[in-house]
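# Coordinates in review
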Amino acid sequence: MRLTKAITGSTSLVNPNIKTLHTDSDPSSIYHLLKSYALSSTNILKAQTLFHQIHRPTLSLWNLMIRGWSQSDQPIEAICMYNLMYSQGIVGNNHTYPFLFKACARVSDVSCGRIAHARVLKLGFESLLFVSNSLIHMYASCGDLGFARKVFDGMPERDLVSWNSLICGYSQCKRFREVLGLFEAMQVANVNGDAVTMVKVVLACNFLGEWGVADAMVKYIEENKVQIDVYLGNTLIDMYGRRGMVHLAREVFDRMRHRNMVSWNAMIMGYWKVGNLFAAQELFNAMPQRDVISWTSMITGYSQANQFTEAVRLFKEMMEAKVKPDEITVASVLSACAHIGSLDVGEAVHDYIRKYDVKADVYVGNALIDMYCKCGVVGKALEVFKDMRKKDSVSWTAVIVGLAVNGFADSALNFFSQMLREGFQPSPGAFVGVLLACAHAGLVDEGLEYFETMEKVYGVTPEKKHYGCVVDLLSRSGNLQRAYEFIKTMPMAPDDVVWRILLSASQVHGNIPLAEIATNKLLELDPSNSGNYVLSSNTYAGSNRWEDVIKMRGLMEESNVQKPSGSSSIEINGSNSSQDSCFVKLQEKSKLTAI
């Protein structure tokens, strides 16, 4: 048990060779010397050595040591000192317990705190305001909000510290609705909040999306002249950044007398949220120093803006600056590598992960699979998948889609079956991979059967991309009329991608009537796309209808359409799941906390 360990653990700091001092030799000088040592973070061990020289130390000296250890980097030793003192028959006074409760809070030892609480009740100290406040803080910090509230409700009088201690506890346990309720009760009690209160209330608004309350808090801060310290300033920047109100976030940032790394990072992320790449880069360049979150914010931001080359370039700069990336950084840069097919950089990042023991969580694993599949190295993708300790539905989807688009249709379908056997719910993306695999393998009936089971068996509502895959499945196999009839039954309006699939297949199979239908639809939906004119022209040329070829090229010239620069394809994944998850994780990692 922790209490027993604490009692025995304290003896290790006693030096048996030190000559014992008597308190009657010079008690005043000993007290002041011990105090100077005990309340200094660098001299606490000297205080311990001096304390054990004293014969029969007084309660005030015990209290000094408990206080000193409670605020040191070894708060467990404060509990050791208290238990050693108690074992010698000294019960402590009202100055003992607040620092003992502080130590319990710091090490989350609620069992020790409860025992000490019982002793406080016997001694009658709970009626003292500062003792009750320390109890609320202890219980709240340990997550025992029931006891914290019980102490709070039983207090004959409360001050701002009482309210803040409870509010901070609810905030720490993510009970944000209760935070707002407590603040309302605090106003009814005519207690004005300070910067600590406002940090927790605005933070609650951020999580709950209570922007009306957040704006009221900004007004409250102004009317009550609440000092905006670095923590409150950071919270306000985060609040405005989440809402895309970067001009107001920048006003707070510029007014802050003191800023820390969080201030700069929150402001950069706010700019990225609204797509202001220039301002984000400008702020990044002006930073007095940068941490891994600063670099990762920029890399992820460039990826979110589809500037993947810039994301990779910045990652290389980060390596040159000798800043160690974390799992979020590597997942973001791997996503960028996947989009631009930068296999060499992707492999280098993978080597770095293994060499420097970067935490390879499920997001990193998924990003590696996606990168290798998009670069056509399916074997390595499968190795990563096999080595992953934890897999989620995104992992399975990435492998299934990766195998399908690289032509391994049978393997894709086998992995889908294995995913189901292992109890994973298939995602919409996984069904895209299955339908693509069936299309590439010419498995028309199987593909249609998978499509039918989506909603009936697995509760996955087919989306436009799934309907596009079925059109592709039927068109590739030459079932053009069936594909056209399927298009007409779609519950949503077919987009240009669907009609382009039908037009392309009509060209291959020389079906002029359907090609003309698809062309007319495309010219309505996407008249500026030169690929539509070229596909239609090629279809006519394949049937030796040269007059229609000339007519189509004339339409293209009349419309002043540019020549094609690339081809279109069905969007398989929609948004990149790994990249989106990384951005969320980054926001969580840089989340602002109060004192």
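For clarity, every value in this text was computed on a predicted model and none was experimentally measured.

## A few points about the overall build of the chain
Along the backbone of the chain there are 34 helices and 2 strands. Out of the 595 residues belonging to the chain, those deemed buried represent 49%. In the chain, the share of contacts with a sequence separation of at least 24, taken over all contacts with a separation of at least 6, comes to 63%.

## Some words on the nonpolar core
In this structure, M65 and I369 are the most contacted members of the largest nonpolar core, which totals 178 residues. Residue contributions to this core peak at 9 residues, all from helix α26 (residues 428–441). Setting aside its immediate chain neighbours within four residues, M65 contacts L34, A38, I44, A47, Q48, F51 and M81.

## Section: the environment of V191
As for its placement among the helices and strands, V191 is situated in the loop between α11 (176–188) and α12 (195–208). For the pair V191 and D159, spaced 32 residues apart in the sequence, the C-alpha separation amounts to 7.5 Å. Apart from the residues lying within four places of it in its own chain, the contact partners of V191 are L160, W163, M186 and Y220.

## Regarding the confidence of the model for the chain
With 84% of its residues at a pLDDT of 70 or more, the chain has an overall mean of 86. Low confidence marks residues 1–20, where pLDDT is under 50. Its contacts with residues over four positions away, or in another chain, come to 27 contacts. In the model, residues 562–575 has pLDDT below 50 throughout and makes 27 contacts with residues more than four positions away in sequence or in other chains.

## Details of α26
Its 14 residues place the ends of α26 20 Å apart at the C-alpha level, agreeing with the 20 Å of an ideal helix rising 1.5 Å per residue. Among the residues of α26, G429, A430, F431, V432, G433, V434, L435, L436, A437, C438 and A439 are the ones counted as buried. Considering only its buried residues, α26 is in contact with α24 (393–405), α25 (409–421), α27 (444–458) and α28 (464–476). Positive backbone phi, at 70°, marks G442, one or two positions downstream of α26.

## Thoughts on helix α6 (residues 97–107)
With 8 of 11 residues buried, α6 lies mostly within the body of the structure. When we look at burial in α6, the residues that qualify are Y97, P98, L100, F101, A103, C104, A105 and V107. Phi turns positive, to about 55°, at S108, one or two residues after α6.

## Regarding the packing of helix α21 (residues 343–355) against helix α22 (residues 362–374)
Look at α21 against α22: their axes get within 10 Å of each other, and the N-to-C directions meet at 150°. Classed by the angle they form, the pair α21 and α22 counts as roughly antiparallel. The way α21 lies across α22 gives a crossing that is left-handed. Contacts between α21 and α22 involve L343, G346, E347, H350 and I353 from the former and V364, L368, M371 and Y372 from the latter. Classifying every residue of the contact of α21 with α22 by side-chain character gives 6 nonpolar, 2 polar and 1 charged.

## Some remarks on a nonpolar patch on the surface
A surface patch of nonpolar side chains, about 210 Å² in accessible area, is lined by Y86, V91 and L123. Tracing the backbone shows V91 in the loop between α5 (76–87) and α6.

## Things to note about the packing of α24 against α26
It is the contact of α24 with α26, at a shortest axis distance of 8 Å, that shows an interaxial angle of 20°. Classified by the angle between their axes, α24 and α26 sit roughly parallel to one another. Remark: the crossing between α24 and α26 carries left-handed chirality. Residues T397, I400, V401, A404 and V405 of α24 lie in contact with α26, whose contacting residues are G429, A430, G433, V434, L436, A437 and H440. Its residues placed into classes, the contact of α24 with α26 shows 8 nonpolar, 4 polar and no charged.

## Regarding unusual backbone geometry
In the Ramachandran plot, N190 falls in the positive-phi region, its phi being about 60° despite a non-glycine side chain. For N190, the location among the structural elements is in the loop between α11 and α12. Notably, K322 is not glycine yet its phi reads approximately 60°, a positive angle.

## Things to note about the environment of A78
Here A78 shows up in helix α5. We classify A78 as buried; its relative accessible area is 0%. It is 4.6 Å that separates the C-alpha atoms of A78 and I66, two residues lying 12 residues apart in sequence. In contact with A78, other than residues within four places in its own chain, are I66, W69, S70, L100 and A103.

## Quick look at a positive patch on the surface
Residues K35, R67, K102 and R106 make up a contiguous surface patch of positive charge. If you trace the backbone, K102 turns up in helix α6. Judged by its relative accessible area of 32%, K102 falls in the partly exposed class.

Quick notes on the rules
- Counting restarts for each chain, with residues numbered from 1 along the sequence as it is written.
- Owing to the predicted nature of the model, reporting of local features is limited to residues with pLDDT of at least 70; listing and counting of side-chain atom pairs is limited to 80 or more, with chain, interface and lining totals taken over all residues.
- In computing side-chain properties, one takes all heavy atoms of the structure into account and sets aside hydrogens as well as water.
- Helix and strand definitions follow DSSP, with helices as H or I runs of at least four residues and strands as E runs of at least two, each counted in order from the N terminus.
- Note on classification: 1.4 Å probe, protein chains only; a residue is buried when its accessible area is under 20% of the maximum for its type, exposed when over 50%, partly exposed between these limits.
- Here a residue-residue contact requires only that any non-hydrogen atoms of the pair lie within 4.5 Å.
- The nonpolar core is taken to be a set of buried Ala, Val, Leu, Ile, Met, Phe, Trp, Tyr and Cys residues, with the residues joined through side-chain atoms within 4.5 Å.
- Confidence of the prediction at every residue is given by pLDDT, a number between 0 and 100.
- Multiply 1.5 Å by the residue count of a helix minus one, and that product is the helix's expected span.
- Where helices are involved, their axes are fitted lines through C-alpha atoms of the stretch in contact, as for all axes, and angles between N-to-C directions lie from 0 to 180°.
- For classification, angles of less than 35 degrees are called roughly parallel, those exceeding 145 degrees roughly antiparallel, those between 65 and 115 degrees roughly perpendicular, and all remaining angles oblique.
- Should the near helix be turned anticlockwise from the far one by less than a right angle, the crossing is left-handed, and should it be turned clockwise, the crossing is right-handed.
- Throughout, the ten residues Ala, Val, Leu, Ile, Met, Phe, Trp, Tyr, Cys and Pro are labelled nonpolar, Asp, Glu, Lys and Arg are labelled charged, and all others, Gly among them, are labelled polar.
- Each patch is built from salt-bridge-free residues with over 30% relative accessible area, joining like charges within 9 Å and nonpolar side chains (Val, Leu, Ile, Met, Phe, Trp, Tyr) within 5 Å.
- Using a 1.4 Å probe, accessible areas were evaluated by the Shrake-Rupley method; residue-level cover was limited to the displayed protein chains.
- The term salt bridge refers to a side-chain nitrogen of Lys or Arg lying within 4 Å of a carboxyl oxygen of Asp or Glu.
- This count recognises Lys and Arg as positive and Asp and Glu as negative, with His and chain-terminal groups excluded.
- For the purpose of locating charges, the reference atoms are NZ of Lys, CZ of Arg, CG of Asp and CD of Glu.

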